[in-house]
Amino acid sequence: KNKACANQAQQSTVNDTCYMAKTGDMFSSTFTCDDWLADSGTTSHVAMHWEMFSEYTPLPRSSISGIGDLSIKAHGKGTVLIDFKIGGKTLTTTLRDVLHAPDAVNCLLSISRLEDSGGKTIIGGGKIQLLNSKGAVCGTGSNKGRLYLLDARAQINPERANIAKPKVKQTW
């Protein structure tokens, strides 16, 4: 059973907090929507794109709170596979119970979820290393604008990439 950097926590309801990178009133242009940030302030992993999920469960009436009264809708949760570039090699990591938040500013990897699964982080010299429960490096990143940008990209699910997204109810 491969648990390298896997989020093994199970939740029946979503009541999570996340803080997203932004500067003043403008979102940070330093990062793209495909970038992943290591975040010690979020209680859940967060992905912006439905196509990143290999498994997906819709969540009715769920929100993610942040600083103050700000919140965004969590449309669903599921499994996301992330490819980390480590020393010229690619290591695939499975994140479980990732919240799908299309209105999120960034994709976030929760440091607390990593620790819940037995992993840990080493931060210093402008670098971050993610270690699995056996102490092996399973992810890396670097400090960009006081945030840790991971050397990682989510795998895009080809079955989701070429079809329409599920309809979202709108009220006028």
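You'll find the structure just up there.
In this report, the structure presented in the accompanying data block is examined. Since this is a predicted model, take the numbers as computed values, not measurements.

With respect to the pairing of strand β15 (residues 147-150)
(1) Moving on: Here strand β4 (residues 36-39) pairs with β15 via 2 bridges, running antiparallel. Each bridged residue has a counterpart across the sheet, and for Leu37 the counterpart in β15 is Leu149.
(2) Moving on: Relative to β15, strand β14 (residues 137-144) is paired through 4 bridges, and the arrangement is antiparallel. Across the sheet, Lys144 pairs through a bridge with Leu147, a residue of β15.
(3) Moving on: Counting the residues that bridge the hairpin from β14 to β15 gives 2 residues, and of these Gly145 lies at a positive phi of roughly 60 degrees.

Some thoughts on the packing of aromatic side chains
(1) Moving on: Scanning the entire structure with this criterion turns up 2 aromatic pairs.
(2) Moving on: Arranged with centres 6.5 Å apart and planes meeting at 90 degrees, the rings of Trp50 and Tyr56 form a pair that is edge-to-face.
(3) Moving on: Taking relative accessible area as the criterion, Trp50 reaches 8% and is therefore assigned buried.
(4) Moving on: Consider the rings of Phe53 and Tyr56, whose centres lie 5.2 Å apart with planes at 80 degrees: the pair is edge-to-face. The exposure classification of Phe53 matches that of Tyr56, with both residues buried.

The rules we used
- Residues numbered from 1 in each chain as written.
- Predicted model: local features only at pLDDT ≥ 70, side-chain atom pairs only at ≥ 80, totals over all residues.
- Heavy atoms only, no water.
- Pairing = 2+ DSSP bridges.
- Helix = DSSP H or I, 4+ residues; strand = E, 2+ residues; numbered from the N terminus.
- Phe/Tyr/Trp six-rings, centres within 6.5 Å; stacked < 30°, edge-to-face > 60°.
- Buried < 20%, exposed > 50% of the residue type's maximum accessible area, 1.4 Å probe, protein only.

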